[in-house]
Amino acid sequence: MRDSLAGVEGRELVPVVAVLATRQRGDDVADSLAALRQQTYGSLRILVACDNIDSESIRDLTSREASPSEVVCEVAGGSLPDVANEATGLVEGDNGLFWFVEAGTIPEPDALKHLVDELLQSNAGIVGPKIVHLAERTRVQAVGIAVDRLGERVGPLDLDEIDQEQHDRVRDVLAVDVSGMLVRADLFRRLGGFASHLANGIADIDLCWRAHYAGARVVVVPDAVIARPQSFVLNLVEERQRSQTQFARDQLDTALVSVSARQFPLRVLQILAVSLLQIVIGIFLGATGQPARRLRVLLSLPLRSRSLRGRRRQMEAIRSVSDADVLPFLHPISNRLISSLRSRDDDIVVTSGAPVIRQRERTYGPTLAWFLIALGILIGSREFIRSGVCCR
């Protein structure tokens, strides 16, 4: 598929290729495709990416309203980042934009127009929309992604806040969600696309983090709105619960890949100190799970040294700004310690289509810790208890 992407001078519109990842069948694909067809932006081509199982049904769906600007291609990838990598490889040319959309999400008619306008006005490399609940569009699901220096998300996966325009400000962020992400084609190819080996929910953070070090801006555009089913978030929550160690490893490695060689030892020591301190605090609060996993992942770092060196070499090849330029977009590590004082080891499970917080099975760690402290005090003061106060 050849894309005759032209320049963006004067009144000429920047050509956009929307990659629609069809991991689901039926109405989800049809609704998303209809929403793309209703976009008010005037230079949009749609690349419908599906696997060979769904290809026939998808071709039948697109043929009902055949358009020369729509192309169906078969891909093997499962997640949206994998599909995006494979689908964009079929598009030639670096002068346009890629827009990544999941089947089941519904962009508002002017969503793409707002994204393109802000990308050009801000001279950004990546922009992302405000994501709201599909069933209740007055509730905000996500507006950019906040991350701390440990590589871990700050805040919930689903804000679930009533939209009172509290987030309606264009601003620079560390990352935006892959769902609805608009990225310059030349930047996407320069970065090498998404890292396909990362867990779902980490690949978008990794791409945007690398974009920052390549000198590109990452901006969230709240005027551009995409509605997404809550089930997408619940599926991600379930996946994180099933693969907690992999998720912790990918978060940590992404953070360590980004820092310069000079800052690398310091960042490792910071992560080690924070993890140990959180474990000590967690013993008394019953919240040792996350820092313990992070510590195990950190101690197994030598086993992943080869792959980590490879990713760091790729980062050095694109690095054009210093750590100090990216640091303002990262939340300080101290916030992680504060949050550990307020948190407990809870499981997020999905019951009847809704997220439910369920406490882990009873742990005797906190009780045992306090018992040992009391026992130590008693043993230390046994002479005082036996003899009382000695008067001379």
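Bear in mind that the values here come from a model prediction, so they are computed numbers and not experimental data. (Residues numbered from 1 in each chain as written. Predicted model: local features only at pLDDT ≥ 70, side-chain atom pairs only at ≥ 80, totals over all residues. Heavy atoms only, no water.)

## A closer look at the overall build of the chain
So, point 1. The helix and strand tally for the chain stands at 15 helices and 15 strands.
So, point 2. For the chain, the residues scored as buried account for 48% of the 392 residues in total.
So, point 3. Approximately 19500 Å² of the chain is accessible, and the part contributed by carbon and sulfur atoms is 53%. (Helix = DSSP H or I, 4+ residues; strand = E, 2+ residues; numbered from the N terminus. Buried < 20%, exposed > 50% of the residue type's maximum accessible area, 1.4 Å probe, protein only. Areas by Shrake-Rupley, 256 points an atom, 1.4 Å probe, with all protein chains shown as cover.)

## So, the pairing of strand S7 (residues 139-142)
So, point 1. With 2 bridges joining them, strand S6 (residues 126-133) and S7 adopt antiparallel strand pairing. Within the sheet, the bridge partner assigned to Val 132 lies in S7 and is Val 140.
So, point 2. Once S6 ends, the chain turns through 5 residues before running back antiparallel as S7. (Pairing = 2+ DSSP bridges.)

## Structural notes on the nonpolar core
Across soluble globular proteins, nonpolar side chains have a tendency to be buried as a group.
So, point 1. If you look at the biggest cluster of nonpolar residues, it comprises 59 residues, and the most contacted ones within it are Phe 100, Ile 126, Phe 194 and Trp 209.
So, point 2. It is helix H6 (residues 203-213) that provides the largest number of residues to this core, a total of 7 residues.
So, point 3. Leave out the neighbours within four places in its chain, and Phe 100 touches Val 19, Leu 80, Ala 84, Thr 88, Val 178, Ser 179, Gly 180, Met 181, Val 183, Phe 188 and Phe 194. (Core = buried A, V, L, I, M, F, W, Y, C linked by side-chain atoms within 4.5 Å. Contact = heavy atoms within 4.5 Å.)

## Here's the deal with the confidence of the model for the chain
Interpretation of this model should avoid reading the predicted coordinates in detail wherever pLDDT is low.
So, point 1. Averaged over every residue, the pLDDT of the chain is 81; the share at 70 or more is 76%.
So, point 2. Taken as a whole, residues 1-10 scores under 50 in pLDDT and shows 25 contacts with residues more than four places along the chain or in a different chain. (pLDDT = per-residue confidence, 0-100.)

## Here's the deal with the pairing of strand S2 (residues 44-50)
So, point 1. Burial analysis of S2 places 6 of its 7 residues in the buried class, which makes it a mostly covered element.
So, point 2. Taken together, the 6 bridges between strand S1 (residues 16-21) and S2 define a ladder with parallel strand orientation. By the bridge assignment, Val 17 is partnered in S2 with Arg 45.

## A short note on the packing of aromatic side chains
So, point 1. The full count for this structure, using the stated rule, is 5 aromatic pairs.
So, point 2. For the ring pair Phe 188 and Phe 194, a centre distance of 5.5 Å and an interplane angle of 70° mean the geometry is edge-to-face.
So, point 3. We classify Phe 188 as buried; its relative accessible area is 3%.
So, point 4. Here Phe 194 falls in the buried class, since its relative accessible area comes to 4%.
So, point 5. By the ring-pair criterion, three or more aromatic residues cluster together here, those being Phe 98, Phe 100, Phe 188 and Phe 194. (Phe/Tyr/Trp six-rings, centres within 6.5 Å; stacked < 30°, edge-to-face > 60°.)

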